[in-house]
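Remarks on the overall topology
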Amino acid sequence: MRLVSFAQNDGPRLGVRLGDVLIDLSQLDDSLPRDMIAFLAGGQEAFDAVRTAADNAPPAAQMRFSSAKLLPVVPRPGKIICVGLNYVDHAVEISPRNLPDHPTFFARLASTLVAHNEPLLRPMVSTKLDFEGELAVIIGKPGRLIPKNQALAHVGGYALFNEGSVRDYQFRTSQWFLGKNFDGTGAFGPELCTPDELPPGASGLLLCTRVNGELVQEATTTDMLFPVPALIAALSEAMTLQPGDVIVTGTPSGVGFARKPPRYLKPGDVCEIELESYGVLRNPVADALGE
Ligand SMILES: O=C(O)/C=C/C(=O)CC(=O)CC(=O)O
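Reading the values: the criteria
Throughout, a residue's number is its position along its own chain's written sequence, starting from 1. pLDDT decides what is reported in this predicted model: residues at 70 or higher carry local features, side-chain atom pairs at 80 or more are listed and counted, and totals for whole chains, interfaces and linings draw on all residues regardless. The side-chain numbers reported here are obtained from all heavy atoms of the structure, hydrogens and water having been left aside. UniProt positions are given in the numbering used here, feature names are shortened, and annotations may be inferred rather than shown by experiment. Start and end points for every domain follow an automatic or database-based domain assignment. Contact between two residues is taken to exist if any of their heavy atoms lie within 4.5 Å; hydrogens are not considered. Buried area adds together the accessible area that both of two parts lose upon being put together, with accessible area traced by a 1.4 Å probe. For this document, the term salt bridge refers to a Lys or Arg side-chain nitrogen within 4 Å of an Asp or Glu carboxyl oxygen. Starting at the N terminus, helices and strands are each numbered in turn, a helix being any DSSP run of H or I of at least four residues and a strand any DSSP run of E of at least two. Only Phe, Tyr and Trp rings take part, Trp by its six-membered ring, and two of them pair if their centres are within 6.5 Å. Stacked means planes under 30 degrees apart, edge-to-face means over 60, and tilted covers everything else. Only protein chains enter the calculation, and the probe is 1.4 Å; a residue is then buried if its accessible area is under 20% of its type maximum, exposed if over 50%, and partly exposed in between. Remark: nonpolar core denotes a set of buried residues (Ala, Val, Leu, Ile, Met, Phe, Trp, Tyr, Cys) joined through side-chain atoms within 4.5 Å. The residues that make up patches have over 30% relative accessible area and no salt bridge, and they are joined within 9 Å when like-charged or within 5 Å when they are Val, Leu, Ile, Met, Phe, Trp or Tyr. Values of accessible area rely on a 1.4 Å probe in the Shrake-Rupley scheme; residue burial ignores everything except the protein chains shown. A pair of strands counts as paired when DSSP detects no fewer than two bridges linking them. Every axis in this analysis is a line fitted to C-alpha atoms, fitted for helices over the stretch in contact. Angles between the N-to-C directions lie between 0 and 180 degrees.

As annotated in an unreviewed UniProt entry, the protein chain carries the name Fumarylacetoacetate hydrolase family protein and is attributed to Solidesulfovibrio magneticus. On record in UniProt, under Sequence similarities (unreviewed entry), the comment for the protein chain is "Belongs to the FAH family."

The next point concerns the domain arrangement of the protein chain. In terms of domains, the protein chain is made up of domain 1 (2-70) and domain 2 (80-287). The straight-line distance from the C-alpha centre of domain 1 to that of domain 2 is 26 Å. Taken residue by residue, the interface counts 14 residues in domain 1 and 18 residues in domain 2. With both chains or domains summed, domain 1 and domain 2 bury close to 1,200 Å², and 55% of this area falls on carbon and sulfur atoms. A per-residue breakdown of the area domain 1 buries against domain 2 is headed by Arg2, Leu40 and Leu70, which together make up 56% of the total. At the junction of domain 1 with domain 2, the criterion picks out 4 salt bridges. When the shortest N-O distance is used, the salt bridge between Lys69 and Glu118 registers 3.2 Å. For the side of domain 1 that touches domain 2, the secondary-structure elements that each account for two or more residues are strand E1 (2-8), helix H1 (36-41) and helix H2 (43-55). With 5 residues, H1 is the largest single contributor of residues to the side of domain 1 that touches domain 2.

Let's shift gears to the packing of aromatic side chains. Tallied over the entire structure, the rule returns 4 aromatic pairs. Between Phe106 and Trp176 the ring centres are 5.4 Å apart and the planes differ by 75°, which places this aromatic pair in the edge-to-face class. Placement of Phe106 in strand E6 (residues 104-108) and of Trp176 in the loop between helix H4 (167-171) and strand E13 (186-193) is noted, with a sequence separation of 70 residues between them. Given the relative accessible area of 22%, Trp176 is considered partly exposed. Between Tyr169 and Phe182 the ring centres are 5.0 Å apart and the planes differ by 75°, which places this aromatic pair in the edge-to-face class. You can see Tyr169 sitting in helix H4 and its partner Phe182 sitting in the loop between H4 and E13, a full 13 residues away along the chain. Look at Tyr169 and you get buried, because its relative accessible area is 16%.

For the rest of this paragraph, the subject is the pattern of salt bridges. In this structure the tally under the stated criterion is 19 salt bridges. For Arg13, the salt bridge identified is with Asp10, shortest N-O distance 2.9 Å. Overall, Arg13 belongs to the buried group, its relative accessible area being 16%. Notably, a salt bridge pairs Glu191 with Arg17, separated by 2.6 Å at the nearest N-O pair. Residue Glu191 is found in strand E13, and its partner Arg17 is found in strand E2 (residues 11-18); the two are separated by 174 residues along the sequence. Overlapping salt bridges bring together Arg108, Asp130, Glu132, Glu163, Arg167 and Lys180 as one network.

In this section: the UniProt feature "domain: Fumarylacetoacetase-like C-terminal" (unreviewed entry) in the protein chain. The positions that UniProt labels "domain: Fumarylacetoacetase-like C-terminal" (unreviewed entry) are, in the present scheme, residues 79-285. This span, residues 79-285, is 11% helix and 35% strand, and a straight line between its end C-alpha atoms measures 25 Å.

In terms of nonpolar packing, the biggest core is built from 75 residues, with Leu3, Met36, Phe39, Ile138, Phe188 and Ile232 touching the most fellow members. Composition of this core by domain shows at least three residues from each of domain 1 (2-70) and domain 2 (80-287). Residues contacting Ile232, with those up to four places away along its chain left out, are Ile139, Ile146, Ala151, Val155, Leu241 and Ile247.

Before going further, it helps to spend a moment on a nonpolar patch on the surface. A cluster of nonpolar residues, Val88, Val92 and Leu99, forms a patch on the protein surface that exposes about 210 Å² of accessible area. Along the polypeptide, Val92 turns up in helix H3 (residues 88-94).

Take the sheet that holds strand E17 (residues 270-275) next. Taken together, 5 strands build an open sheet; the order of strands is E8-E18-E17-E14-E15 and the sheet is mixed. Strands with a single pairing partner mark the edges of an open sheet, and in this sheet they are strand E8 (120-122) and strand E15 (214-220). This sheet shows a mean twist of 20° between the axes of neighbouring strands, independent of strand direction. The pairing of strand E14 (residues 206-211) with E17 spans 5 bridges and is antiparallel. The residue bridging Arg210 from the neighbouring strand is Glu272, located in E17.

In C-alpha cells:
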C-alpha cells in the first residue's frame, strides 16, 4: 500500500494513493489514523483498517493524486538518522584503503525537509550543494536493543531521500552536521511504501540518481556495507526507535563533489532519484531567497 502526507487548508492530512487517485482518509471513518505517525504506530490493525476503508471509499473522498500538494512522507519525524559511507563504491571513492567497520551515523533536522516536487534550496552562502540519492527506512514498531534477525519487523515502510549536502560547510570541520542541515536541502518522498510491496529490507533493488535526465549514480541496495537490519540493530543499541523515525541509509558513488570535475546543483536543475519497484522522487533546484 502507498500512503502520503498532503496539505489541505486545515492542515496536514493522510491519504492512500491508488494509481492517480488519492483517498483522503480524513473524509472516512473517524477511527482511522489521522497522520503518518499514527498509521505507523497502529501496526497491522491500522494497515487492515486503512486498506479496507480505501478500497470502499466513496467518490467524495477521492481526489486526483497529481493535484495534491504532497508533504514530506513523515512531515515532522522524531528522529532523522543518516548513514555515511554505506555503499562500497562510495566509501572507496572517498577513502580507497579504509572500509568502515561500523556504520557512521549523523543527524538531520526536520527543518531541512522538502517534499516531492518542492525545490531543493541552494543556500545564498554556497555554490556547493550536492545530491545524494538514498533509500529511506521508516520505523513502524518501537524498539531498543533490536536483534538483526528481528529488525525488519520494526520497519513500517520505505521511501526515497535526496540528502542534499553543502560540501564546503560539511568538510570545513570534522563533524558534518552543518553542511547536512541547511534549510530545504533534504527531499523526502514521494510516498510511504509498506514493506509487503518490496523484497525484505528493500534489498536487491536498483537505485539511481539523475540530474537533468543524466544518470549520475547507480547501484543496487545489495551494495550496502550495512544493510537495513544491521543499521536498525546498531542504532537501537544506543536509542529507542519510535514510529515515524527515519533512517536514511547512505548514498552510492557518483556524488557531485567526488566527480572530476566536480558537479554541483544549480538553480534550474532537476534531480530525480528512482528505486526499482517503488518509483521516483523528483525535485527542481532553486536559490534560497531571503536568508
Ligand atoms: O569523508 C568524506 O570525505 C566524505 C564523506 C561523505 O561523502 C559522506 C556523506 O556525505 C554521506 C554518505 O556517505 O552517504
